[in-house]
Amino acid sequence: MDLIGLYPTWYESTVGSGWVVAIIATIHVLTSHLSVGAAIFFAYLATRAYRDNRPELVEFIKRYGLFLLVFAYVVGSITGVGIWYSTTVASPRGISALIHSFVWKWATEWVFFVIEVVGVYMIVYLVGKVDRRTHMMITWVFGLASYTTMLIIIGILSFMLWPGKEAWFTEGGYLNGFYGSNTFAHLAMRTAFMFTITAVVGGIIIAGTKDQVFKKEMTRKLSWLGIASVLIGAALFQWYIRTLPDSAHLVMDNRLPNYFVPSLIAVLSACLVYFIVTMLQPRILVTALASIMTVAILVFGLWPEEVARESIRKPYVAGQYLYSNQVIGRDVPGMGIRSEIPLLQEKGVLKTHPFLPEDLREVTSENVVRAGRAIAIIMCSNCHSLDRTGIRPMHHYLGGNSDYKRIKTYLLGALATGNTLYMPQIPLTEEEAEALAVYLASMSDETVAERYARDKSALALVDEEEE
C-alpha cells in the first residue's frame, strides 16, 4: 500500500496550532535576544569596571545578571522546551528536516548553551569570591558562548527560509545548506536589535538604584546603546530585506498584514523617543516605564517580526521543499528526498494518509462532511483555523459562499495545480475536492450536506434512466 509520510495532525480548535507556536516563540525570542545582548554588555562593563576600578559597575552586573537568571534563563528555558514540544507536534516533519540537516550543529549549540547557563550563575555568585581577572574572563566566556548560540541558530533559521546554496538541492552537504546570502545580514540585524532589548530591560534594573549619580550615568549609557542599536538595526534591516529571495518579496508585497510596516515604524520610533527622553532626563526612568517599553517591544515589535518571518517562507516551512502542511513538495536529490505530489495526484490524500479511519478512505454521501473535515485538518489546519477564532479562520476566505460546486472548481483549478501564491500545491481527487468543498460550504450553510445528498441522488436516478 502506497502511503505518504504524514504524522497525525495536531489541531488546536480555539487558537490554532500555529498561534500556539508563535506565542511561545515570540516570548522565547525576547528572552534569548536579551540574554545574548546582556552577555556582551556585561563583558564590556566588566572590562571597564576592573580597568577603571569601578566596583559599582560590578554590582550592576550582579543585579542585572540575577534578573537575567530569573527572567531570561528560567522563562527562556521553559519557552525553549515549549518550542521543541509545540513544533514537534505541529510540524513534525519540519523539525525532522532540520535535525537531519543540522543535528551536529544543534548539538554544538547546546554545548555553548550549557556554558552560557553555567556562566550566568558564575557571574552572579562569584562576585567578590574570585579575583578580578578571573571574574572578567568569566564574563567574556559567557558573552562569547552566548553569541555563538545565536550564530548557530541564525544559520538554521536562514535555512528554513532558503537553503544557503542552490547546490544543496543536488549535492546536499551541511555547509551548502547553512551559509547563504542572507545568513550574515540576518545575524547583523538581530545583533543590533538584541542590544535594543538589552538597553530597555537594563532600564528596569537601573530604575531602582538609589545612587542618583550612578543611575544618571548608567541610564545615559543604556540610552546611547539603545539609540545606536535602533538606528543601526533599522539600516541593517534594509540590508536584510535586500538579501531575501524574490519569492519572499512577492509574499511581503501581497500577503503581509497591513499592520506590519506601521507597527515596526511605530515601535522603532517609540524606542528612539524613549531613549532620547531618558538620556536627557534620567530621573524620569522608573521601573514601570521600562517594563511597559519591554512589553511594547514584545507585542508591537517581536510579534509582527515573527509573523512576517513565518509568512515570507510560505508555502514552505523548511528548506523550500517541505510544505507548511508537511507534504514534501519537491525532489531534493542531494538528501535522497522525493516529492510526494505525484503519489497524491494519483491516489489522493484519503488513500495514502497512514493515520486515518478506514471508513473515511472512500467518500460517500453519508460521510462527505467528515471526509471533507479530515482533509481540511490534514491539508489546511497548520495555517488556517477551521473555527471562527484563531489563526486565519477558513470561513473568512470563503466570503459566506455555500455553493460547493464553485468551491470545488476553485480547489481543482487553483490549489491542485499549485498556482496560488502563498499556498502549497494540494492535489485532490475529484471525490476529495467535492468532499472538501461540501465541508467548507457547510461552514456558511448547514443544509449543504443535505443539498449535496439530493444532488447525488438525482444524478444517480438520471444515470439509471439512461441505462
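All values derive from a computational prediction rather than experimental measurement. (Residues numbered from 1 in each chain as written. Predicted model: local features only at pLDDT ≥ 70, side-chain atom pairs only at ≥ 80, totals over all residues. Heavy atoms only, no water.)

K.L.:
Help me out: how do you make sense of the side chain of Thr183 in this one?
P.N.:
Looking at the secondary structure, you find Thr183 in helix H7 (residues 183–207). A relative accessible area of 2% means that Thr183 is categorised as buried. Beyond its immediate sequence surroundings of up to four residues, Thr183 is in contact with Ile154, Gly155, Ser158 and Phe178. (Helix = DSSP H or I, 4+ residues; strand = E, 2+ residues; numbered from the N terminus. Buried < 20%, exposed > 50% of the residue type's maximum accessible area, 1.4 Å probe, protein only. Contact = heavy atoms within 4.5 Å.)

K.L.:
What is the right way to look at the packing of aromatic side chains in this model?
P.N.:
By convention here, two paired aromatic rings are described through the distance between centres and the angle between planes. Across all of its chains, the model carries 23 aromatic pairs by this definition. Considering the side-chain rings of Trp19 and Trp303, the 6.3 Å spacing of their centres and the 85° angle between planes classify their relative orientation as edge-to-face. Of the two residues, Trp19 sits in helix H1 (residues 17–51) while Trp303 sits in helix H11 (residues 287–311), which places them 284 residues apart along the sequence. The partly exposed category is assigned to Trp19, whose relative accessible area is 33%. For the ring pair Phe42 and Tyr64, a centre distance of 5.3 Å and an interplane angle of 70° mean the geometry is edge-to-face. Of this pair, Phe42 sits in helix H1 while Tyr64 sits in helix H2 (residues 55–90), placing them 22 residues apart in sequence. Judged on exposure class, the residue Phe42 and its partner Tyr64 are both buried. By way of ring pairs, the aromatic residues Phe102, Phe159, Trp168, Phe169, Tyr174, Phe178, Tyr179, Phe184 and Tyr321 are connected into one cluster. One Lys or Arg, Lys105, reaches over the ring of Phe178 and ends 4.8 Å from the middle of that ring. The cationic tip of Arg330 hangs over the ring face of Phe169; the distance from NZ or CZ to the ring centre is 3.8 Å. (Phe/Tyr/Trp six-rings, centres within 6.5 Å; stacked < 30°, edge-to-face > 60°. Lys NZ or Arg CZ within 6 Å of the ring centre and 35° of its normal.)

K.L.:
It is not clear to me how unusual backbone geometry should be interpreted in this structure. Could you clarify?
P.N.:
Of the consecutive residues Lys314 and Pro315, the connecting peptide bond is found in the cis state with omega at 5°. Counting through the fold element by element, Pro315 comes out in the loop between H11 and strand E1 (316–318). Phi at Asn53 takes a positive value of approximately 55°, unusual for a residue other than glycine. Position of Asn53 among the secondary structure elements: in the loop between H1 and H2. Despite not being glycine, Arg392 has its phi angle at roughly 40°, a positive value. Counting through the fold element by element, Arg392 comes out in the loop between helix H14 (368–379) and helix H15 (394–398).

K.L.:
Help me understand the side chain of Ser263, please; the structure alone is not making it clear to me.
P.N.:
Looking at where Ser263 falls in the secondary structure, it is placed in helix H10 (residues 260–280). Excluding anything up to four places from it in sequence, Ser263 contacts Phe300 and Pro304.

K.L.:
I would appreciate a short explanation of the environment of Phe169 in the present structure.
P.N.:
Within the element layout of this structure, Phe169 appears in helix H5 (residues 167–171). Contacts of Phe169, omitting those with residues within four sequence positions, involve Pro163, Gly319, Gln320, Arg330, Val332, Pro333 and Gly334.

K.L.:
Got a minute to help me understand the confidence of the model for the chain in this structure?
P.N.:
Predicted coordinates in regions of low pLDDT should not be interpreted in detail. Residue-level pLDDT values for the chain average 91, and 99% of them are 70 or greater. Averaged pLDDT values over the elements of the chain bottom out at 81 in helix H18 (residues 448–466) and peak at 96 in strand E2 (residues 322–323). (pLDDT = per-residue confidence, 0-100.)

K.L.:
Honestly, H1 in this entry has me stumped. Any pointers?
P.N.:
An α-helical segment advances 3.6 residues per turn. Residues three or four places apart therefore align on the same side. For H1, which comprises 35 residues, the first-to-last C-alpha distance of 51 Å matches the rise-based estimate of 51 Å (1.5 Å per residue) to within 8%. Asn53 lies just past H1 and shows a positive phi near 55°. (Expected span 1.5 Å × (residues − 1).)

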